[in-house]
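Single-letter residue listing:
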Amino acid sequence: QVQLVESGGGLVQPGGSLRLSCAASGNFFNIYPMAWYRQAPGKQRELVASITSGSTTNYADSVKGRFTISRDNAKNTVYQQMNSLKPEDTAVYYCNTARVGPFGTTLNYWGQGTQVTVSL
């Protein structure tokens, strides 16, 4: 069982910055991929950024050049630095990780979410 706890959301003006953190429980954090998703009102949850165990990163086109995902394996924590924020970045942001379950199924674990609001 994995527990994920996000923090760092809030209200910020357009052009501002926020840093999200996600602390994970459990062992072997360093060997698993981590990701950030977001869900805006009335929209489907979408992948924002991901990072592999080897720290290879991937970003949605909408956030490339503005968001940076990173991980600190010693602290079992993944971060997302968000710069040049836009009103369309407003959403609940969720931390995610996956494990292989019985019979090769994928078990997804989610945090409780943290609200990011970009507005004047």
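Refer to the structure above for everything that follows.
Residues numbered from 1 in each chain as written. Predicted model: local features only at pLDDT ≥ 70, side-chain atom pairs only at ≥ 80, totals over all residues. Heavy atoms only, no water.

Here's the deal with the nonpolar core
Here's step 1: Within the largest apolar cluster, 28 residues are counted, with the highest numbers of intra-cluster contacts made by Leu 4, Met 34, Trp 36, Val 78, Met 82 and Tyr 93.
Here's step 2: Counting residues per element, the ones that place at least two in this core are strand S3 (18–24), strand S4 (34–39), strand S5 (46–51), strand S7 (67–72), strand S8 (77–82), strand S9 (91–100) and strand S11 (114–118).
Here's step 3: Examining the composition of this core, we find that four residues originate from one element, S3, more than from any other. (Core = buried A, V, L, I, M, F, W, Y, C linked by side-chain atoms within 4.5 Å. Buried < 20%, exposed > 50% of the residue type's maximum accessible area, 1.4 Å probe, protein only. Helix = DSSP H or I, 4+ residues; strand = E, 2+ residues; numbered from the N terminus.)

Considerations on the pairing of strand S10 (residues 106–110)
Here's step 1: As judged from the five bridges shared by S9 and S10, these two strands associate in the antiparallel manner. Counterpart to Thr 97 in the pairing with S10 is Tyr 109.
Here's step 2: Adjacent in sequence and paired antiparallel, S9 and S10 are bridged by five residues, among which Phe 103 carries a positive phi angle near 60 degrees. (Pairing = 2+ DSSP bridges.)

Observations concerning the pairing of strand S1 (residues 4–7)
Here's step 1: Along S1, the buried face is formed by Leu 4 and Glu 6; none of Val 5 and Ser 7, which line the opposite face, is buried.
Here's step 2: Of the pairings in the sheet, the one linking S1 to S3 comprises four bridges and is antiparallel in character. From the neighbouring strand, Leu 4 faces S3, where its bridge partner is Ala 24.

Observations regarding the packing of aromatic side chains
Note on aromatic pairs: each is described by the distance of the centres and the angle between the planes.
Here's step 1: Applying the stated rule across the entire model yields two aromatic pairs.
Here's step 2: Ring centres of Tyr 37 and Trp 110 lie 4.9 Å apart, and the angle between their planes is 70 degrees; on these two criteria the pair is classed as edge-to-face. Of this pair, Tyr 37 sits in strand S4 while Trp 110 sits in strand S10, placing them 73 residues apart in sequence.
Here's step 3: Here Trp 110 falls in the partly exposed class, since its relative accessible area comes to 35%.
Here's step 4: With a centroid separation of 6.4 Å and an interplanar angle of 90 degrees, the aromatic rings of Tyr 94 and Trp 110 are classed as edge-to-face. Remark: Trp 110 occurs in strand S10 and Tyr 94 occurs in strand S9; sequence separation between them is 16 residues.
Here's step 5: Note on Tyr 94: relative accessible area 14%, which makes it buried. (Phe/Tyr/Trp six-rings, centres within 6.5 Å; stacked < 30°, edge-to-face > 60°.)

Let's talk about the sheet that holds S7
Across a sheet, strands are paired by hydrogen bonds formed along the backbone, either parallel or antiparallel in direction.
Here's step 1: Pairing is antiparallel across the open sheet formed by four strands, whose spatial order is S1-S3-S8-S7. Across the chains shown, the open sheet's two edge strands, defined by having one partner strand only, are S1 and S7. On average, each strand axis in the sheet is inclined to that of its neighbour by 15 degrees, with strand direction left out of account.
Here's step 2: Across six bridges, the pairing between S7 and S8 is antiparallel. In the strand pairing of S8, Asp 72 is matched with Thr 77. (Axes fitted to C-alpha atoms, helices over the stretch in contact; angles between N-to-C directions.)

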